[in-house]
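Spelled out from the first residue to the last, the chains are:
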Amino acid sequence: TTFNLTLQSANLTLTIPSTIFSTTRRTEHIMMLMKHPSPSSWRLLAEQSVSGIKMRSSNYRPVFSMTTRAASSSSSSSSSTTMPSTTIAQSKFYTPRDQRLGNDSIYGEIDNMYDKRIKRRRRIDPTRELNYTPAHWDRHKSVYRRMKHMLTTFGSSPFQRLLFPDLFISGLVAGGLTYYNEFLAMDAASQIWMDGQGVAAGTTAIALLTGFRLNASYGRYNEGRKMMSDINTASRNLATNSLMWVTEKKARERMLVLVKAYSVAMTFHLNNKGNHNGVRRCDPNFDEQIYAEYQAEMRDVFRNDQDKDFVQACKWFRNKDSVPIGLTALMRRIIAGNIDQKDALNRELDVHVNKLLTSLGGCERIQKTPLPTCLTRHTSRLLFVWSHMLPFVIYPACGPFFTLPATIAISYSIMGIEDIGVQLEEPFNILPLRQYSDGVYDGVDFIASAYSDDESEEGNGSPNG
């Protein structure tokens, strides 16, 4: 079999001759690309196959075609099949601002039973809260909250996440122990159980360890929340000061757009799904789908596909560069070009850009540095052993009928604390980042409109003034 492969980009068309694919390994690689084409695979193929040519994934547009020709030594006739071209993934999860019915529509399905949380699509998904309103706080502090929380126990995130395999295995151990002691043991002396006094001290230590881990994880969650609040505050201040002190109108408008784009870029920088939780990492087109969502959100900000900043931001994302850092560099270029303004005011503008970068560094510190993994693993091992020893301890007190439910209830109470700590350890997976970026967008637009209205009133003047 011989191959003719054509890779097309915005400014380059490269045809690779069939003689390059002489090995079986290359042939298998081509067939794999036809099933799961991706820019990274194209780049790998081009770099391996073509001497002196390096192709970057940011330049690719997904126009991919291959023609196969079956060759026969006994006949000169051949049959050819042309594979269809693949097109870029379209945005499936982002709703443009002009098509939204409400603030919650940016996340799709909302679970109203749990104070308007994001609906969990899978059993293993964590709880993801939305921004609270006064109505949420009224329900949160309701005197009936304990009854409601008990009724929703089996649908809660900790219970469903622990249901399998943790609680399932603990239940199997408890059920097997009960069956042996009741039906297989010949007498009381042959029954299997443990003295509870010897395990009590270990249970206390495990409870303290899980509590410590939860506190450490909440510290990370709280710090991440504060960093996002600092970004929100710095964005508003930068927008306000830009309207006051940037002298050129085009530069002012460009600065406001970059401020709004920065919050979107932070969402995708801190969460590789861009907070689009419906996207699955196992999807072979995962990278393309995330890029489509990113491009749709940025298009909503820039409102022009030909905008040079929009093109640059998309290129950075394709190259897996730090888009937030790139956007702050563009902001500082605007400040540096603001030569008609006083240096002191330009320095004040730069202070707010520096706050954006400081918050970015703090968020990256949380994202890239987990709690010591030895602590996490040691806690998991102790909980695994403890939960499986528990039925042997409580069997003498609970008897054959209550050993199983008591084991599951006690295991859930302690292991649930540890599981919540694991979820809080990665705050940018559960914080409503897209609501934060939408808040920056709305805040900047409102500041601009308020400033514009004030200028128009001053320009019209009063007949008696």
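Note that the coordinates shown come from a computational prediction; the quantities given were computed from them, not determined experimentally. (Residues numbered from 1 in each chain as written. Predicted model: local features only at pLDDT ≥ 70, side-chain atom pairs only at ≥ 80, totals over all residues. Heavy atoms only, no water.)

Glancing now at the overall build of the protein. Helix and strand content of the protein: 13 helices and 6 strands. Out of the 465 residues belonging to the protein, those deemed buried represent 41%. Carbon together with sulfur atoms contributes 56% to the accessible area of the protein, which is approximately 25,700 Å² in total. (Helix = DSSP H or I, 4+ residues; strand = E, 2+ residues; numbered from the N terminus. Buried < 20%, exposed > 50% of the residue type's maximum accessible area, 1.4 Å probe, protein only. Areas by Shrake-Rupley, 256 points an atom, 1.4 Å probe, with all protein chains shown as cover.)

What follows deals with the confidence of the model for the protein. Of all residues in the protein, 76% attain a pLDDT of 70 or more, and the chain-wide mean is 82. Ranking the elements of the protein by mean pLDDT puts strand β3 (residues 60–69) last with 35 and helix α10 (residues 323–336) first with 98. This model gives residues 1–29 a pLDDT under 50, and the stretch forms 72 contacts once residues within four places in sequence are excluded. Within the model, the stretch residues 39–87 combines pLDDT values under 50 with 102 contacts to residues more than four positions away or in other chains. (pLDDT = per-residue confidence, 0-100. Contact = heavy atoms within 4.5 Å.)

What follows deals with the nonpolar core. Leu-327 and Met-331 are the most contacted members of the largest nonpolar core, which has 56 residues in total. When residues of this core are traced back to their parent elements, those giving at least two are α6 (196–245), α7 (249–270), α8 (286–302), α9 (308–318), α10, α11 (343–368) and α13 (433–460). For Met-331, the contacting residues outside a window of four places in its chain are Leu-238, Met-255, Leu-258, Val-259, Tyr-262, Val-353 and Leu-356. Judged by nonpolar contacts, the second largest core, of 11 residues, contains Leu-162, Ala-406, Ile-414 and Met-415. (Core = buried A, V, L, I, M, F, W, Y, C linked by side-chain atoms within 4.5 Å.)

The peptide bond linking Phe-164 to Pro-165 adopts the cis configuration, its omega dihedral lying at 10 degrees. Note that Pro-165 resides in helix α5 (residues 157–184). Phi is positive for Arg-303, which is not a glycine, with a value near 65 degrees. Within the secondary structure, Arg-303 is located in the loop between α8 and α9. Despite not being glycine, Lys-320 shows a phi value in the positive range, around 60 degrees. Mapped onto the fold, Lys-320 is located in the loop between α9 and α10. Using a relative accessible area of 67% as the deciding quantity, one classes Lys-320 as exposed.

Viewed as axis vectors pointing N to C, α7 and α8 meet at an angle of 160 degrees, and their least axial separation amounts to 9 Å. As judged from the angle between their axes, α7 and α8 are roughly antiparallel. Considering only the axes of α7 and α8, their crossing is right-handed. Contacts between α7 and α8 involve Val-257, Leu-258, Lys-260, Ala-261, Val-264, Ala-265 and Phe-268 from the first element and Ile-290, Glu-293, Tyr-294, Glu-297, Met-298, Val-301 and Phe-302 from the second. (Axes fitted to C-alpha atoms, helices over the stretch in contact; angles between N-to-C directions. Parallel < 35°, antiparallel > 145°, perpendicular 65-115°, else oblique. Left-handed = near helix turned anticlockwise from the far one by under 90°.)

So, on to the side chain of His-352. The topology assignment puts His-352 in helix α11. Judged by its relative accessible area of 4%, His-352 is buried. Among the polar contacts made by the side chain of His-352, one reaches the side chain of Asn-241 at a distance of 2.8 Å. If near-sequence neighbours (up to four positions away) are discounted, His-352 is found in contact with Ala-234, Asn-237, Leu-238 and Asn-241. (Polar contact = N/O pair within 3.5 Å; in protein donor to acceptor, adjacent residues only side chain to side chain.)

This paragraph deals with the packing of aromatic side chains. For the coordinates displayed, the defined rule picks out 11 aromatic pairs. Grouping aromatic residues by their ring pairs yields a cluster made of Phe-268, Tyr-291, Tyr-294 and Phe-317. In this arrangement the basic side chain of Lys-260 is found over the ring face of Tyr-441, its NZ or CZ atom lying 4.3 Å from the centre. (Phe/Tyr/Trp six-rings, centres within 6.5 Å; stacked < 30°, edge-to-face > 60°. Lys NZ or Arg CZ within 6 Å of the ring centre and 35° of its normal.)

Now for a nonpolar patch on the surface. Where nonpolar side chains cluster on the molecular surface, the patch consists of Leu-163, Phe-164, Phe-168 and Leu-172 and spans about 410 Å² of accessible area. With respect to the element layout, Leu-163 can be found in helix α5. (Patch = residues over 30% accessible without salt bridge, like charges linked within 9 Å, V, L, I, M, F, W, Y side chains within 5 Å. Salt bridge = Lys/Arg side-chain N within 4 Å of Asp/Glu carboxyl O.)

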